[in-house]
Amino acid sequence: MSSLDQLFAKVKQVMEEALQEKRGRPKKWRRGRPLPDRRAVQTVIMLLLGTLKGWSLQKLQERLSAYHNPQWRRLCGLPLSEVPPYSTLAHRSHNAKVKRWARVL
């Protein structure tokens, strides 16, 4: 598990550095509630874990929300209260901001 811990530590470091940068044009107004950058980064890290382990979105959500086994939440840096439900995770995985953050990796 130590190599996985090291990988996620590096990913979190890269994402934090990218969050600090402010580049590009000002954002256009869009309908609906915008997804904060923090949530988009958390979603990308969760999706990365699911991809590395070969889990579906449903299995990923089950593993992250398991109360008795916090190792996957700890790896992603999430408290139990911030693990989104399956429908939210599926919706966020198609968000343009999440896809943009995934390209940073």
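Residues numbered from 1 in each chain as written. Predicted model: local features only at pLDDT ≥ 70, side-chain atom pairs only at ≥ 80, totals over all residues. Heavy atoms only, no water.

Peer 1: Please explain the overall build of the chain as it appears in this structure.
Peer 2: Helix and strand counts for the chain stand at six helices and zero strands. Each helix and strand of the chain, placed in order from N terminus to C terminus, yields the pattern α-α-α-α-α-α. For the chain, whose C-alpha radius of gyration is 14 Å, the value lies close to the compact-globule estimate of 13 Å for 105 residues. Here the C-alpha coordinates of the chain stretch approximately 45 × 30 × 25 Å along the principal axes. A buried classification covers 32% of the 105 residues belonging to the chain. (Helix = DSSP H or I, 4+ residues; strand = E, 2+ residues; numbered from the N terminus. Rg over C-alpha atoms; globule rule 2.2 N^0.38 Å. Buried < 20%, exposed > 50% of the residue type's maximum accessible area, 1.4 Å probe, protein only.)

Peer 1: What should I look at first to understand the pattern of salt bridges in this one?
Peer 2: Opposite charge on two side chains makes pairing possible when the charged atoms of those side chains draw close. Enumeration over the complete set of coordinates arrives at four salt bridges. For the salt bridge of Glu 82 with Arg 39, the shortest nitrogen-to-oxygen distance reads 3.5 Å. Remark: Arg 39 occurs in helix α2 (residues 37-53) and Glu 82 occurs in the loop between α4 (71-76) and α5 (86-93); sequence separation between them is 43 residues. When its relative accessible area of 28% is taken as the criterion, Glu 82 is described as partly exposed. On the accessibility criterion, Arg 39 (30% relative accessible area) is partly exposed. (Salt bridge = Lys/Arg side-chain N within 4 Å of Asp/Glu carboxyl O.)

Peer 1: Just checking my understanding: could you explain the packing of aromatic side chains for this structure?
Peer 2: Where two aromatic rings form a pair, the distance of their centres and the angle of their planes describe that pair. Inspection of the entire model under this criterion finds one aromatic pair. With a centroid separation of 5.2 Å and 90° between ring planes, the pair formed by Trp 55 and Trp 72 is classed as edge-to-face. Of this pair, Trp 55 sits in the loop between α2 and α3 (57-65) while Trp 72 sits in helix α4, and the two are 17 residues apart along the sequence. This pair shows no difference in class: Trp 55 is buried, exactly as Trp 72 is. (Phe/Tyr/Trp six-rings, centres within 6.5 Å; stacked < 30°, edge-to-face > 60°.)

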